[in-house]
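Working through the structure, step by step
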Amino acid sequence: MSDMPTENSAGAHEHFPRWAKRILAHHRGNELYQTATMDALLAGVYDGDVTIGELLSHGDFGLGTFNRLDGEMVILDGVCHHLRSDGSAVTAGAEERTPFAAVTWFRSDRTLTVSAPATWSEITARVDTVTGSTNLIYALKITGRFDTIRTRTVRAQTRPYPRLVDATEGQAETSFADLGGTLIGFRMPDSDEGISVAGYHLHFLDEAQGRGGHCLEFQMSRGTVDICTIADMHLSLPRTPQFLNAALDSADTAAQIRKTEGGHQPAQPAEGE
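Predicted model only: the values in this text are computed from it and were never measured. (Residues numbered from 1 in each chain as written. Predicted model: local features only at pLDDT ≥ 70, side-chain atom pairs only at ≥ 80, totals over all residues. Heavy atoms only, no water.)

1. As for the environment of Pro189
You can see Pro189 is positioned in the loop between β12 (172-188) and β13 (199-206). Classification of Pro189 by relative accessible area gives buried; the value is 4%. Sequence spacing of Pro189 and Ser133 is 56 residues, and the spatial spacing of their C-alpha atoms is 9.1 Å. For Pro189, the residues in contact, after removing those within four places along its chain, are Thr134, Asn135, Leu136, Ile137 and Ala198. (Helix = DSSP H or I, 4+ residues; strand = E, 2+ residues; numbered from the N terminus. Buried < 20%, exposed > 50% of the residue type's maximum accessible area, 1.4 Å probe, protein only. Contact = heavy atoms within 4.5 Å.)

Now the structure itself:
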């Protein structure tokens, strides 16, 4: 039986573009679609021109943030969730906009089983082992039961916007214990530092889809790790005045990202190495 929408399907004309892109992804391989760059976010460019409706036409899985840096984003199974600074999560509106997000059509090409308690470092070490190359992009869906998980969610900012390292100083942290949920994210090549977040970048959504945030640390008791290998990337740059006039030449991009993302970033070589 074909999964193509029929003419009398409700709203078929709205779902056809997504269906078509899924089919293209199946034949061509997965592509990461990203709007804006991490360098722009570090510089305080918090107003983008891509709507959530448009973003979902490029993928059913991903993460990011919202205009004004208003919380964290999780896209899972084609639904965009808006994670707020109090730790709660709601469904995002199609007209909301994002200054930075990355999405793909998620198709797992390998699965790891977690049958004993494991930390962030232990699970990512297993992923590193099975993926081999550090020069491709990997989307990760880590689903199961978590003994503990610590998240943070940035608060909405007001103009004049501060740099991201300053905005995250006031971030709200939340700790969860003994709950089910999913970590959604990517492992990006080190060479993408500044364009994206090099290394691992994960957001959390609980199984009731009512709580979550940017993951800082976790211990998982059991579950699965689905991995989707990505070799193509489409970078869409904003045309907003804020982006066009931003100074995106920071010399300490890596250090700023490690500070804002919570420390799970690749170690940088010492000067002279």
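2. A few points about the nonpolar core
Ranked by internal contacts, the top residues of the largest apolar core, which has 22 residues, are Phe146, Ile149, Leu183 and Phe218. Where this core is concerned, the elements lending two or more residues are β9 (110-114), α4 (120-131), β11 (137-153), β12, β13 and β14 (212-230). Ignoring sequence-local partners within four residues, the contact set of Phe218 consists of Ala118, Thr119, Trp120, Ile123, Phe146, Thr148, Ile149, Leu183 and Leu202. Counting residues in hydrophobic clusters, the runner-up holds 17 residues, among them Leu32, Leu76, Phe106 and Met188. (Core = buried A, V, L, I, M, F, W, Y, C linked by side-chain atoms within 4.5 Å.)

3. Structural notes on a nonpolar patch on the surface
Judged by side-chain polarity, Ile195, Met233, Leu235 and Leu237 come together as a nonpolar surface patch covering roughly 290 Å² of accessible area. By the secondary structure assignment, Ile195 is in the loop between β12 and β13. Judged by its relative accessible area of 31%, Ile195 is partly exposed. (Patch = residues over 30% accessible without salt bridge, like charges linked within 9 Å, V, L, I, M, F, W, Y side chains within 5 Å. Areas by Shrake-Rupley, 256 points an atom, 1.4 Å probe, with all protein chains shown as cover. Salt bridge = Lys/Arg side-chain N within 4 Å of Asp/Glu carboxyl O.)

4. Section: the sheet that holds strand β8 (residues 101-104)
Sheet architecture is open: seven strands sit in the order β6-β5-β4-β3-β8-β1-β15, paired in mixed fashion. A strand with exactly one partner marks an edge of an open sheet, and here the two such strands are β6 (89-91) and β15 (232-236). Across the sheet, the axes of successive neighbouring strands diverge by a mean angle of 20°, strand direction being ignored. Taken together, the five bridges between strand β4 (residues 72-76) and strand β5 (residues 79-83) define a ladder with antiparallel strand orientation. Counterpart to Leu76 in the pairing with β5 is Val79. (Pairing = 2+ DSSP bridges. Axes fitted to C-alpha atoms, helices over the stretch in contact; angles between N-to-C directions.)

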